[in-house]
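# Structural overview for review
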Amino acid sequence: MQTNYLFQSNRLGFRNWKIGDHEPFADLNNDPEVMAFLPKGLCVEESSEMISRMENTHNDLGFTFFAVDLLETNEFIGFIGIIRSSFDAFFTPCYEISWRLKRSVWNKGLAAEGAIACLKYGFEVLQMDNIHSITSVLNKKSEYIMQKIGMTKLGEFDHPKLEAKHPLKRHVVYQISK
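Rules and cut-offs
Residues numbered from 1 in each chain as written. Predicted model: local features only at pLDDT ≥ 70, side-chain atom pairs only at ≥ 80, totals over all residues. Heavy atoms only, no water. Buried < 20%, exposed > 50% of the residue type's maximum accessible area, 1.4 Å probe, protein only. Helix = DSSP H or I, 4+ residues; strand = E, 2+ residues; numbered from the N terminus. Pairing = 2+ DSSP bridges. Phe/Tyr/Trp six-rings, centres within 6.5 Å; stacked < 30°, edge-to-face > 60°.

A large share of strand β3 (residues 65-70) lies buried, amounting to six of its six residues. Note: β3 against strand β4 (residues 75-85), six bridges, orientation antiparallel. Following the sheet pairing, D69 is matched in β4 by F76. Hairpin remark: β3 followed by β4, antiparallel, with four residues in the connecting loop; positive phi at N74, about 60°.

Structure below.
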């Protein structure tokens, strides 16, 4: 069993990113179903650049979108974590929780389990007061997870980083407090 996890839930281990994550993360970011509610998939280079940004964020702030392993197999399955969002919206700047997991582990409660562990880490270790989550209004599965983990809907907004007529422009925002 791997022991370098920053924290764990019952079935998941949260850790820093490593070289071996680059290829499976690129595969995840190229899966059309995983990326269905994001503006576009990411190529290998873009995925590696995202890992570098997440590593830098963790080094600077002590949190990021953490690499997540299934403890039973030590298999990398995606990310769950918190970042600081500062795009222009009525609730920003804020701490934002998010998740992206490979399809083979969907519908097993892992996103909610991992999000709850990250919320606990954010509130207890990082002393955050409020954590938000956003997604396209079309992404009902992620919105359900937000509700399942105890978040409350604050409202809807047009994501400022998407073009006016983009089909994913309209987003929901949820929040949970300490």
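Further remarks concern the packing of aromatic side chains. Taken as a whole, this structure holds 13 aromatic pairs when the rule is applied. Each ring, one from F7 and one from F66, has its centre 5.4 Å from the other, and the planes form 90°; the classification is edge-to-face. Within this pair, whereas F7 is found in strand β1 (residues 7-8), its partner F66 is found in strand β3, the two being separated by 59 residues in sequence. Overall, F66 belongs to the buried group, its relative accessible area being 2%. Each ring, one from F25 and one from F79, has its centre 6.1 Å from the other, and the planes form 55°; the classification is tilted. Here F79 lies in strand β4 and F25 lies in helix α1 (residues 22-29), a separation of 54 residues in the sequence.

What you tend to see is this: most non-glycine residues have negative phi, and most peptide bonds are trans. The omega torsion of the bond from T92 to P93 falls at 0°, within 30 degrees of zero and hence cis. Along the chain, P93 turns up in the loop between β4 and β5 (94-101). Here the phi dihedral of N74 falls at roughly 60°; this positive angle occurs in a residue that is not glycine. Inspection of the secondary structure puts N74 in the loop between β3 and β4. Phi is positive for Q127, which is not a glycine, with a value near 60°. The residue Q127 is located in the loop between α3 (110-125) and β6 (130-136) in this model.

What follows concerns the environment of D31. If you trace the backbone, D31 turns up in the loop between α1 and α2 (44-61). Exposure remark for D31: the relative accessible area of 14% places this residue in the buried category. Spatially, the C-alpha atoms of D31 and A164 are 25 Å apart, while their sequence positions differ by 133 residues.

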